[in-house]
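Observations on chain architecture
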Amino acid sequence: MAKSLARPYRSVLYIPASKERALEKARDLAADAIIFDLEDAVAPEEKVRARELLSEVLAGTDYGRRVRLVRVNGLGTEWVDGDLAAFRAHPGVDAVLLPKVNGPADLDAVAGRVQAPLWAMMETAKGCLNAGAIAAHPRLEGMVMGTNDLAKELGARHRSDRLPLMASLGACVMAARAESKVIVDGVFNAFRDEAGLRVECEQGRDMGFDGKTLIHPAQLDIANAVFAPSEEEVALARRMISAYREARARGEGVAVLDGRIVENLHVASAEALIGKAETIAAQSIAAAAE
Ligand code: COA
Ligand code: MG
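Note on the magnesium ion (ligand 2): its protein donors are E123 (OE) and D149 (OD). The metal-donor distances range over 2.0 to 2.2 Å. You can see E123 sitting in the loop between β5 (118-122) and α5 (125-129) and its partner D149 sitting in helix α7 (residues 147-154), a full 26 residues away along the chain. Residue classification places D149 among the buried positions, given a relative accessible area of 17%.

Once that is clear, we can look at the domain arrangement of the chain. Structurally, the chain comprises domain 1 (3-226) and domain 2 (231-289). Inter-centroid distance (C-alpha atoms) of domain 1 to domain 2 is 31 Å. A buried area of about 470 Å², summed over both sides, lies between domain 1 and domain 2, and 55% of it is on carbon and sulfur atoms. Broken down residue by residue, the surface that domain 1 buries against domain 2 is led by P8, R10 and R65, which jointly contribute 75%. For the pair domain 1 and domain 2, the interface holds zero salt bridges. At the junction of domain 1 and domain 2, the tally comes to one residue pair in polar contact (both at pLDDT 80 or more). Residue composition of the side of domain 1 that touches domain 2, grouped by class: two nonpolar, no polar and four charged.

For the largest pocket, the calculated volume is near 800 Å³. Looking at the largest pocket, it is lined by 28 residues, and the ones nearest its centre are P229, S269, A272, L273 and K276. Elements with a contribution of two residues or more to the lining of the largest pocket: α11 (231-249) and α12 (264-289). Here the element with the most residues in the lining of the largest pocket is α12; it accounts for seven residues. When its residues are assigned to classes, the lining of the largest pocket shows 16 nonpolar, five polar and seven charged. Shared between two domains, the lining of the largest pocket holds at least three residues of each, these being domain 1 (3-226) and domain 2 (231-289). In this model, the second largest pocket occupies a volume close to 450 Å³. Forming the walls of the second largest pocket are 26 residues, and the residues nearest its centre are Y14, D37, A41, V187 and I215. Counting residues per element, the ones that place at least two in the lining of the second largest pocket are β1 (11-16), α1 (20-25) and α7. Here the element with the most residues in the lining of the second largest pocket is β1; it accounts for four residues.

Criteria and thresholds
- Residues numbered from 1 in each chain as written.
- Chains lettered and ligands numbered in written order.
- Predicted model: local features only at pLDDT ≥ 70, side-chain atom pairs only at ≥ 80, totals over all residues.
- Heavy atoms only, no water.
- Donors = N, O, S within 2.8 Å, 3.2 Å for Na, K, Ca; no water.
- Helix = DSSP H or I, 4+ residues; strand = E, 2+ residues; numbered from the N terminus.
- Buried < 20%, exposed > 50% of the residue type's maximum accessible area, 1.4 Å probe, protein only.
- Domains from an automatic or database assignment.
- Buried area = accessible area lost by both parts, 1.4 Å probe.
- Salt bridge = Lys/Arg side-chain N within 4 Å of Asp/Glu carboxyl O.
- Polar contact = N/O pair within 3.5 Å; in protein donor to acceptor, adjacent residues only side chain to side chain.
- Nonpolar A, V, L, I, M, F, W, Y, C, P; charged D, E, K, R; others polar.
- 1 Å grid on protein atoms, 1.4 Å probe; cavity = no way out; pocket = protein on both sides within 12 Å on 5 of 7 lines; lining within 4 Å.
- Points joined across faces, edges and corners; volume = space filled by probe spheres on them.

What follows is the structure, given as structure tokens:
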């Protein structure tokens, strides 16, 4: 099976494809996924060299369990054709991430030119308005919020509560969930501000995002912790399942635990949470053995 939906995407780290040192370092970093970036993190005069370097590094490096996404340059740029050709059927690539997707036609434009699953950057007003149709594209596997571009395009100000972006973030989460696709939140620019990052991760987690895109290795631990179920949550989930089973055994359809009702929909969420915790635990054991 492709590295895909069943995997955690708590931490998705951008690495500029031009930075050889960072590409090498990433083999040992605790990222669930890596976005190897050919787009905005690479200067125009570096584009072609970065593409060649990345192709070589991906062919020769074992990134283990980490999902490998390549962010190509956008449609209409002078580099996109070369990027798509270089990663058309590359064995070191799990998915191709297309920037500034405005609608499903943009995905159609690349679908025949790469074999890997597609991911979409959600970072334009049009893209957010068309989120449902983008999420429904049969080749699409995941979506990434591009909050810097989005704020720029909306003319929105950066605020710590992200209120100006809420309509777009919410629309994209709804679209991804409607189609059972992965969705990852945007970056937190102030990469030395741990408290600020934690608050933003918690906000994204509470909205339903699978994880957060990151720009620096120092951000990994916080995202991994915030987007993983806590021990308390797992313990509560187990108690909810037991309480519900006992209620069913008594012929009742609803249980009461700690003064709150537990119905079968809560049991489904509790089981999903335990499944996620088990996947993450199994992954940490495998990583420790690497
Ligand atoms: N992925 C992997 N390793 C990274 C990294 C990243 N995104 N960012 C930094 N590192 C590594 C550095 O190579 C350095 O390694 P070393 O000490 O073993 O040589 C170490 O982490 C510490 O780096 P530091 O000196 O703190 O950062 P910097 O000043 O070199 O770089 C940034 C800061 C923000 C420029 C850099 O983190 C970066 O380029 N991030 C990605 C930006 C990006 O991709 N933007 C596009 C999407 S928004
Ligand atoms: Mg962008």
